[in-house]
Amino acid sequence: MDYLSLLPHTPPMRLVEEVVSVDPGQQAVARRVTRPDDFFFQGHFPGQPVVPAIVLIELLAQTGGLAAGTPRPGEPHQPRALRVAAVDGFRFPAGCGAGVTLEATAKVAGRMGGLFKIEGTVTADGTLVARGALTLADVPASRG
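Criteria and cut-off values
- Residues numbered from 1 in each chain as written.
- Predicted model: local features only at pLDDT ≥ 70, side-chain atom pairs only at ≥ 80, totals over all residues.
- Heavy atoms only, no water.
- Helix = DSSP H or I, 4+ residues; strand = E, 2+ residues; numbered from the N terminus.
- Buried < 20%, exposed > 50% of the residue type's maximum accessible area, 1.4 Å probe, protein only.
- Lys, Arg positive; Asp, Glu negative; His and termini not counted.
- Salt bridge = Lys/Arg side-chain N within 4 Å of Asp/Glu carboxyl O.
- Polar contact = N/O pair within 3.5 Å; in protein donor to acceptor, adjacent residues only side chain to side chain.
- Contact = heavy atoms within 4.5 Å.
- Pairing = 2+ DSSP bridges.
- Axes fitted to C-alpha atoms, helices over the stretch in contact; angles between N-to-C directions.
- Core = buried A, V, L, I, M, F, W, Y, C linked by side-chain atoms within 4.5 Å.
- Expected span 1.5 Å × (residues − 1).

K.L.:
An account of the side chain of Glu58 is requested, with residue identities and associated values reported.
P.N.:
Counting through the fold element by element, Glu58 comes out in helix 1 (residues 53–69). Buried and unpaired, Glu58 has Arg83 as its nearest opposite-charge partner, separated by 9.0 Å. Polar contacts involving the side chain of Glu58 include one to the side chain of His9, which spans 3.2 Å. In contact with Glu58, other than residues within four places in its own chain, are His9, Met13 and Leu15.

Right, dumping it as structure tokens:
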């Protein structure tokens, strides 16, 4: 399955570059290698660029979207329009810059209707850089 096609994002906002694993409805692990020319480094501490915390949250949200939105085997594929509805209790124990591999692990901790609670972590070359929870909402497709 082409997991990246399940994400509604396109570059540069599709932060997930590699899907390591997906257990549909349960968990996903995804990666991104940071590069000096990544858009989010522009102006974010010139001379000593740091990955913004919001980028780490978004990477986890996209990974959580894969966990929550990937159909289980035998299930019909129903595209989901998952959006961040809430962010809760994030901590950022370390910073990171360019040239590291970010790995996000997102677990579906609960579901109520079209809401998915995602808990997870992001590491940079194995060092914890973010931990927290967020809620994804399955919103109706906009009518144009």
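K.L.:
Residues and numbers for the sheet that holds strand 2 (residues 27–33), please.
P.N.:
Strands pair in a sheet through their backbones, by hydrogen bonds, and they do so in one of two ways: parallel or antiparallel. Reading across from one edge, 1-2-4-5-6-3 is the order of the six strands in this open sheet, with antiparallel pairing throughout. The open sheet has two edge strands, strand 1 (18–23) and strand 3 (82–91), and neither has a second partner. Ignoring strand direction, the axes of neighbouring strands in this sheet form an average angle of 20°. Where strand 4 (residues 101–112) meets strand 5 (residues 115–124), ten bridges bridge the pair, whose relative direction is antiparallel. Bridge pairing in strand 5 links Ala104 to Val122. Each of strand 1, strand 2, strand 3, strand 4, strand 5 and strand 6 (127–138) is contacted by helix 1, which is oriented at about 55° to strand 4, the strand it contacts most.

K.L.:
Tell me about the nonpolar core, and please be specific about residues and values.
P.N.:
Ranked by size, the top nonpolar core spans 35 residues in total, and within it Leu102, Val122 and Leu134 carry the most contacts. Those elements that place two or more of their residues in this core are strand 2, helix 1, strand 3, strand 4, strand 5 and strand 6. Ranked by residues supplied to this core, first place goes to helix 1 with nine residues. Non-local contacts of Leu102, meaning those with residues more than four positions away in its chain, are made with Ala30, Arg31, Arg32, Thr34, Leu56, Leu59, Cys96, Val122, Thr123 and Ala124.

K.L.:
I'd like to hear about the environment of Leu4, residue by residue, with values.
P.N.:
Mapped onto the elements, Leu4 comes out in the segment before strand 1. With 106 residues separating them along the chain, Leu4 and Gly110 place their C-alpha atoms 23 Å apart. Non-local contacts of Leu4, meaning those with residues more than four positions away in its chain, are made with Arg14, Val16, Glu17 and Val19.

K.L.:
Tell me about helix 1, and name the residues and values.
P.N.:
The periodicity of an α-helix, 3.6 residues per turn, causes residues three or four places apart in sequence to face the same way. Along its 17 residues, helix 1 runs 24 Å from first to last C-alpha, staying within 8% of the 24 Å computed at 1.5 Å per residue. Burial analysis of helix 1 places 15 of its 17 residues in the buried class, which makes it a mostly covered element.

K.L.:
Before we move on, can you summarise the pattern of salt bridges with the specific residues and values?
P.N.:
Considering all chains together, one arrives at five salt bridges under this definition. Asp38 serves as the salt-bridge partner of Arg32, at 2.8 Å between the closest nitrogen and oxygen. Each member of the pair, Arg32 as well as Asp38, carries the same accessibility label: buried. Lys117 is the salt-bridge partner of Glu119, the closest N and O atoms lying 4.0 Å from each other. Under the relative-accessibility criterion, Glu119 is labelled partly exposed at 37%. Overlapping salt bridges, with partners in common, bring together Glu18, Arg31 and Glu103 in one network.

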